[in-house]
There are 2 protein chains.
Amino acid sequence: MVHEYLVKNNIKPLYNRVKVLEYLLDKQNHPTVDEIYNDLVKELPTLSKTTVYNTLKLFLQANLVRLITIEDNETRYDVNIPNHGHFKCEECKEIYDFTIDIDGVETEELSQFKIKEKSVYYKGICPGCLNKKN
Amino acid sequence: MVHEYLVKNNIKPLYNRVKVLEYLLDKQNHPTVDEIYNDLVKELPTLSKTTVYNTLKLFLQANLVRLITIEDNETRYDVNIPNHGHFKCEECKEIYDFTIDIDGVETEELSQFKIKEKSVYYKGICPGCLNKKN
DNA sequence: GGATACTCTTGTAATCATTACAAAATTATA
DNA sequence: TATAATTTTGTAATGATTACAAGAGTATCC
Ligand SMILES: [Mn+2]
Ligand SMILES: [Mn+2]
Ligand SMILES: [Zn+2]
Ligand SMILES: [Zn+2]
């Protein structure tokens, strides 16, 4: 449960925080701050966008969420699940998850480096959009 | 030679364009627009930042360069070389290239997807910064 | 419970990278 | 050389993110 999960990660489970994390867990949507804010403000009319930013920064520091920076002009957020990459469709802009065993790839060049985080982003066209083109 | 390389890619080899591409090829630096501009303006005093943006956009469309979006607040550029990933050191902020055979990784989940571009970003601490810490 | 201190939230203003745009300069075409 | 097309430039507009201070909420202690 989200409440306990926050406590376990040393984050006070305040109302807004629970709502933001629940949002990220429910909609596996890779949302922007604007999307999070616009959806949540319906339920939480006094919510401010700054709070969404603050909350996400807190979650980032605690490694509960991670940034998705496929595009240089849109920052998206995702719950932090290991061994999954992201595919962004150039047509419909949808972001798909896919499992990838990136830890299984050899990178002996980096043997002296301390690796803390790995990101894999693909771009292209999704099956749905490929079909529409034919 | 840069001049011919541009011609071959259907890009008029105008003076600024040659300079920007040479800059990217010489300094394997993964520079920001600001860094490119600030360095080149020494040689090209009338250069404008808009031109740097325009030129890079052109190169992107022609697939001569690619975006590096490791951080959400800094867009960097790199000459487009296949099968290499980027490691960014959290301490010194340096971005290191490393070779990675990402095409060798199985992703049968994406068998119906048309993949056009793959990016791999790691974060952590580089050997130099690890040493300083001890 | 009530006073006090601490933390969180909010709204507005500031910042900064990028884009839009139109005029000036350059280059190509005839 | 004239004319058209493209490129460059400088400035203004945009938009996402951050800074900041006041207000609201929460915890602690008596
Ligand atoms: Mn995801
Ligand atoms: Mn590189
Ligand atoms: Zn699609
Ligand atoms: Zn370092």
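The notes below deal with the structure included here. (Residues numbered from 1 in each chain as written. Chains lettered and ligands numbered in written order. Predicted model: local features only at pLDDT ≥ 70, side-chain atom pairs only at ≥ 80, totals over all residues. Heavy atoms only, no water.)

1. A look at the protein's contact with DNA strand C
And step 1. Neighbouring residues of DNA strand C: 13 residues in total, closest A:T46, A:S48, A:T51, B:Y53 and B:T75.
And step 2. Counting only the atoms of DNA strand C within 4 Å of the protein, the fraction contributed by sugar and phosphate is 79%.
And step 3. One of the side-chain nitrogen or oxygen atoms of A:N16 is found 3.3 Å away from a phosphate oxygen of DNA strand C.
And step 4. Between DNA strand C and A:R17 there is a distance of 3.2 Å, counted from a phosphate oxygen to a side-chain nitrogen or oxygen.
And step 5. Considering each element in turn, the surface near DNA strand C owes the most residues, 3 residues, to helix α4 (residues 49–61) of chain A. (Near = heavy atom within 4 Å. Polar contact = N/O pair within 3.5 Å; in protein donor to acceptor, adjacent residues only side chain to side chain. Helix = DSSP H or I, 4+ residues; strand = E, 2+ residues; numbered from the N terminus.)

2. Some thoughts on the interface of chain B and chain A
And step 1. The interface is formed by 35 residues belonging to chain B together with 35 residues belonging to chain A.
And step 2. Interface area for chain B against chain A, summed over the two sides, is near 3200 Å², with a carbon-plus-sulfur share of 62%.
And step 3. In terms of surface lost to chain A, no three residues of chain B exceed B:D72, B:F113 and B:Y122, which account for 18% of the buried area on that side.
And step 4. The interface formed by chain B and chain A contains 2 salt bridges.
And step 5. At the boundary of chain B with chain A, the tally comes to 13 residue pairs in polar contact (both at pLDDT 80 or more). (Contact = heavy atoms within 4.5 Å. Buried area = accessible area lost by both parts, 1.4 Å probe. Salt bridge = Lys/Arg side-chain N within 4 Å of Asp/Glu carboxyl O.)

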